[in-house]
Amino acid sequence: MTNPVSNLDKKHSRKILRGLLSDTTRSDRASWSSGICDGLSDWIAGLAHTRTIATYAAMESEANLTSLHDEMRDRYEFAYPLVAGKVLQFHVVDDPCQLRTGSFGILEPDPGIHRQVEPTDLDLCLCPGLGFTLNGIRLGRGRAYYDSTLSLLNPEAPRVGIAFGLQLRDFLPFENHDILMTHLSTEQGVRPIRVTSS
């Protein structure tokens, strides 16, 4: 069964979510980000065969995962995205301070000094987004970079949607080619996706 979604559906959902995020304070976001990092740290420590983690440099309205990298850098590699055409490349970064301002004003790795890793070599992917549902639908910012990249990951690698609790929605637009998250991480902790029968 097809699930046609108009651009207006996604545009409307993005407008609502951006409005919710704009009503938060920097203090709120810092507190929630700390809770997200604490939950992820405990959860990741319990995963087997995890070495290389795809993370991201947060925009102002996103959950900031810098403290997670700082805490766990001795045990894991953290790879950050770099816009390359219509997809993302991931490069291992030792210290988030080494990131430089790149596309759209977002901090990115420097391919001249940061080793690239293939998507299939990522053991875990921490995915930002504007909104998520409890059954794993992710709504991004409309540029489709993550949509193009998630399909290239090892199917066994967990895909964790990173969000504040207010970004969880009962419904978001979904298309058949969209890649679902396997877990969600908010300030309340990490939870597996609720599987529903069709």
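Since the structure is predicted, the reported quantities are computational estimates derived from the model, not experimental observations.

Side note on unusual backbone geometry
Trans is the prevailing form of peptide bonds, just as negative phi is the prevailing case for residues other than glycine. Even without glycine at this site, His49 takes up a positive phi of about 60 degrees. Here His49 is to be found in the loop between α2 (26–45) and β1 (52–54). With a relative accessible area of 78%, His49 lands in the exposed category.

Notes on the packing of aromatic side chains
All told, the structure shown has one aromatic pair when counted by the stated rule. Geometrically, the ring pair formed by Trp32 and Phe164 is tilted, given 5.3 Å between the ring centres and 55 degrees between the ring planes. Placement of Trp32 in helix α2 and of Phe164 in the loop between β10 (159–162) and β11 (168–169) is noted, with a sequence separation of 132 residues between them. The class of Trp32 is partly exposed, set by a relative accessible area of 22%. Take Phe164: its relative accessible area is 0%, and that puts it in the buried class.

Here's the deal with empty space enclosed by the protein
All told, the structure shown has two cavities of 30 Å³ or more when counted by the stated rule. Considered as a void within the structure, the largest cavity measures approximately 40 Å³ in volume. Forming the boundary of the largest cavity are Tyr56, Ser61, Glu62, Ala63, Pro128, Gly129, Ile162, Ala163, Phe164 and Gln167. Of the residues in the lining of the largest cavity, the class split is six nonpolar, three polar and one charged. Of the volumes computed, that of the second largest cavity is approximately 30 Å³.

Structural notes on the sheet that holds strand β8 (residues 131–133)
In spatial order, the strands read β9-β8-β11; together these three strands make up an open sheet with mixed pairing. Across the chains shown, the open sheet's two edge strands, defined by having one partner strand only, are β9 (138–139) and β11. Direction of pairing for β8 relative to β9: antiparallel, over a ladder of two bridges. Within β9, the residue paired with Gly131 across the bridge is Leu139.

Description of the pairing of strand β2 (residues 77–84)
By the criterion of burial, β2 is predominantly enclosed, with six of the eight residues buried. The sheet contact formed by β1 and β2 spans three bridges and is parallel. Across the sheet, Ala54 pairs through a bridge with Ala79, a residue of β2. With helix α3 (residues 66–72) bridging β1 and the parallel β2, this β-α-β connection has right-handed handedness. Bridge analysis of β2 against strand β3 (residues 87–92) gives six bridges, and the strand direction is antiparallel. What sits directly across from Ala84, in β3, is Val87. Counted between consecutive antiparallel strands, the loop separating β2 from β3 contains two residues, among which Gly85 sits at a positive phi close to 70 degrees.

Things to note about the nonpolar core
Core analysis: the largest hydrophobic core is formed by 47 residues, its most contacted members being Leu40, Ile44, Leu65, Leu68, Phe90, Leu126 and Ile162. Other than its neighbours up to four places away in sequence, Phe90 contacts Ala54, Thr55, Ala79, Tyr80, Pro81, Arg115, Gln116, Val117, Leu122, Tyr146 and Thr149.

What about the pattern of salt bridges?
Any two side chains of opposite charge can pair if their charged atoms end up close together. Tallied over the entire structure, the rule returns nine salt bridges. For the salt bridge of Lys10 with Glu175, the shortest nitrogen-to-oxygen distance reads 2.7 Å. With Lys10 in helix α1 (residues 7–22) and Glu175 in the loop between β11 and β12 (183–186), the pair connects residues that are 165 residues apart, well separated along the chain. Accessibility expressed as a relative area gives 12% for Lys10, which makes it buried.

Points about the sheet that holds β1
Ordered by their spatial adjacency, eight strands build an open sheet running β6-β3-β2-β1-β7-β10-β12-β13, and the pairing between neighbours is mixed. The sheet is open, and its two edges are formed by β6 (116–117) and β13 (189–192), each paired on a single side. Sheet analysis places β10 next to β12, joined by three bridges and oriented parallel. For Val160, the partnering residue across the bridge sits in β12 and is His183.

Conventions and cut-offs
- Residues numbered from 1 in each chain as written.
- Predicted model: local features only at pLDDT ≥ 70, side-chain atom pairs only at ≥ 80, totals over all residues.
- Heavy atoms only, no water.
- Helix = DSSP H or I, 4+ residues; strand = E, 2+ residues; numbered from the N terminus.
- Buried < 20%, exposed > 50% of the residue type's maximum accessible area, 1.4 Å probe, protein only.
- Phe/Tyr/Trp six-rings, centres within 6.5 Å; stacked < 30°, edge-to-face > 60°.
- 1 Å grid on protein atoms, 1.4 Å probe; cavity = no way out; pocket = protein on both sides within 12 Å on 5 of 7 lines; lining within 4 Å.
- Points joined across faces, edges and corners; volume = space filled by probe spheres on them.
- Nonpolar A, V, L, I, M, F, W, Y, C, P; charged D, E, K, R; others polar.
- Pairing = 2+ DSSP bridges.
- Right-handed = clockwise from strand over helix to strand, strands pointing away.
- Core = buried A, V, L, I, M, F, W, Y, C linked by side-chain atoms within 4.5 Å.
- Contact = heavy atoms within 4.5 Å.
- Salt bridge = Lys/Arg side-chain N within 4 Å of Asp/Glu carboxyl O.

None of the figures reported here should be taken as evidence of function without further support.
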